[in-house]
Amino acid sequence: MTQTMQSVSAGADLVAPLTFIVPQDTKPAFHSTALTGGAQKLFFETESIAVSIADMRPLAGDLSVDREGFELHRHATAVADLYDDEAVETRYYPEIEALLNERFGADRTVVFDATRRADSETGAHNPDGLRGPAIRAHVDYTVLSGPQRVADILGEDEATRLAASGAHIVQINVWRPISGPVRRSPLAVADASSVAPAQLLATDQVFPDRVGEIYLLAHAPTQRWYYAPEMTPDEILLIKGWDSIDDGRARFTPHGAFRFAQTPDAAPRESIEVRALVVIGNAEVG
């Protein structure tokens, strides 16, 4: 459901609508744009619920992907044009891999995917089509599709070797504004510790050649939501999408755009997100 954008002041906590799945008796599913050639086809209902969304900036120094599931960092890029596919793959990917290797003390990081989004009338250009903000609260991977993505990216043999060796593997999204400051349709992230497992509903995402699985989020009043007001292109959000370790740390971090404009003439939000696998320990290729 499309919501009318509301105006708020810079840096304020706010109340705004987020889009949640309505729980149902059968497994939810949707046909991807790659399958339909146009809009996604949904086989579930959603509901728009106004929630409190707090400014994360006062907490930025204490945030942890292992506790809240997300972090805010200042990190400039040397890539002048993030709409340049070749520059993104050959220069931006290595930047992000180096960043994540340092942040996590990783043996290896593999960036495997990038998506641009814009809340302009047409959306942002990607090799597989135009994309707008993802407004449904979701997590990109599940307890099943996380390990499958590792096998898809690193190969079945290497995934098996890493699992047997006890390697720690984390999937991280790195979200950055392409232009800024972001004054409309920012990204909200949920404190993963405030989300109960039963609120994460495994949902089939149907592509032309495969079926993936993501979590869509059902609403609960105990969930805590945050955003970073007026993010600029030299800032990034790290969002944990899956963790191979299940020991009480954050494993799945719901997120989704919410529709509001800081001012009536605010420029469209433009952003790029890259997805990466971070391999920590026992990462030498066998």
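Residues numbered from 1 in each chain as written. Predicted model: local features only at pLDDT ≥ 70, side-chain atom pairs only at ≥ 80, totals over all residues. Heavy atoms only, no water.

The subject of this paragraph is the sheet that holds strand 17 (residues 270-280). Read from one edge to the other, the open sheet built from five strands follows the order 5-15-10-17-6, with strand pairing classed as antiparallel. A single partner strand is all that each edge strand has here, and the edge strands are strand 5 (70-74) and strand 6 (108-118). On average, adjacent strands in this sheet sit at an angle of 25 degrees to one another, irrespective of strand direction. By the bridge criterion, five bridges tie strand 5 to strand 15 (residues 235-243) in an arrangement that is antiparallel. When the sheet's bridge partners are listed, Arg74 is paired in strand 15 with Glu235. Sitting on the sheet, helix 2 (residues 85-104) is in contact with strand 5, strand 6, strand 10 (168-177), strand 15 and strand 17, with an inclination near 125 degrees to strand 6. (Pairing = 2+ DSSP bridges. Helix = DSSP H or I, 4+ residues; strand = E, 2+ residues; numbered from the N terminus. Axes fitted to C-alpha atoms, helices over the stretch in contact; angles between N-to-C directions. Contact = heavy atoms within 4.5 Å.)

Let's shift gears to the side chain of Arg176. Residue position: Arg176 is located in strand 10. Buried and unpaired, Arg176 has Glu95 as its nearest opposite-charge partner, separated by 5.0 Å. Here His75 takes part through its backbone oxygen, which lies 2.5 Å from a polar atom of the side chain of Arg176. (Buried < 20%, exposed > 50% of the residue type's maximum accessible area, 1.4 Å probe, protein only. Lys, Arg positive; Asp, Glu negative; His and termini not counted. Salt bridge = Lys/Arg side-chain N within 4 Å of Asp/Glu carboxyl O. Polar contact = N/O pair within 3.5 Å; in protein donor to acceptor, adjacent residues only side chain to side chain.)

Next up on the list: helix 2. End to end, helix 2 covers 27 Å across 20 residues, agreeing with the expected 28 Å (1.5 Å per residue, within 8%). Of all bends in helix 2, the biggest is about 35 degrees, found at Tyr92, and the proline Pro94 comes one to four residues later. Of all the positions in helix 2, only Ala87, Val88, Tyr92, Tyr93, Glu95, Ile96, Leu99, Leu100 and Phe104 are classed as buried. You can read the cap of helix 2 off the contacts: a side-chain oxygen lies 3.1 Å from the backbone nitrogen of Glu86, and it is on Asp84. Immediately downstream of helix 2, the backbone of Gly105 shows phi near 60 degrees, a positive value. (Expected span 1.5 Å × (residues − 1). Bend = angle between axes of the 7 residues up to and from the residue.)

Attention shifts here to the nonpolar core. If you look at the biggest cluster of nonpolar residues, it comprises 32 residues, and the most contacted ones within it are Leu18, Phe20, Ile53, Trp225 and Phe258. Looking at this core, the elements with two or more residues in it are strand 1 (14-21), strand 4 (46-55), helix 3 (145-154), helix 4 (156-165), strand 11 (187-190), strand 13 (211-217), strand 14 (225-227) and strand 17. Counting residues per element, this core draws most heavily on strand 1, at four residues. Tyr92, Ile96, Val170 and Ile172 belong to the second-largest nonpolar core, a separate cluster that totals 23 residues. (Core = buried A, V, L, I, M, F, W, Y, C linked by side-chain atoms within 4.5 Å.)

Tallying each qualifying case throughout the model produces 24 salt bridges. Arg275 serves as the salt-bridge partner of Asp140, at 3.0 Å between the closest nitrogen and oxygen. Residue Asp140 is located in the loop between strand 9 (138-139) and helix 3, and its partner Arg275 is located in strand 17; the two are separated by 135 residues in the primary sequence. For Arg275, a relative accessible area of 9% puts it in the buried group. Within this structure, Asp66, Lys240, Asp243, Asp247 and Arg249 form a network of salt bridges that share partners.

Attention now moves to the packing of aromatic side chains. A complete count under the given rule lists seven aromatic pairs for this structure. With a centroid separation of 5.0 Å and an interplanar angle of 85 degrees, the aromatic rings of Tyr215 and Phe252 are classed as edge-to-face. One end of the pair, Tyr215, is in strand 13; the other, Phe252, is in the loop between strand 15 and strand 16 (255-257), and 37 residues separate them in sequence. Each of the two residues, Tyr215 as well as Phe252, counts as buried. With centroids separated by 6.3 Å and ring planes inclined at 85 degrees, the aromatic side chains of Tyr227 and Phe260 adopt a geometry described as edge-to-face. Placement of the pair is Tyr227 in strand 14 and Phe260 in the loop between strand 16 and strand 17, with a sequence separation of 33 residues. Judged by its relative accessible area of 2%, Tyr227 is buried. Through successive ring pairs, a cluster of aromatic residues spans Tyr227, Phe258 and Phe260. The ring of Phe104 carries Arg103 above its face, with NZ or CZ at 4.6 Å from the centroid. Over the aromatic face of Phe207 sits the side chain of Arg210, whose NZ or CZ is 4.2 Å from the ring centroid. (Phe/Tyr/Trp six-rings, centres within 6.5 Å; stacked < 30°, edge-to-face > 60°. Lys NZ or Arg CZ within 6 Å of the ring centre and 35° of its normal.)

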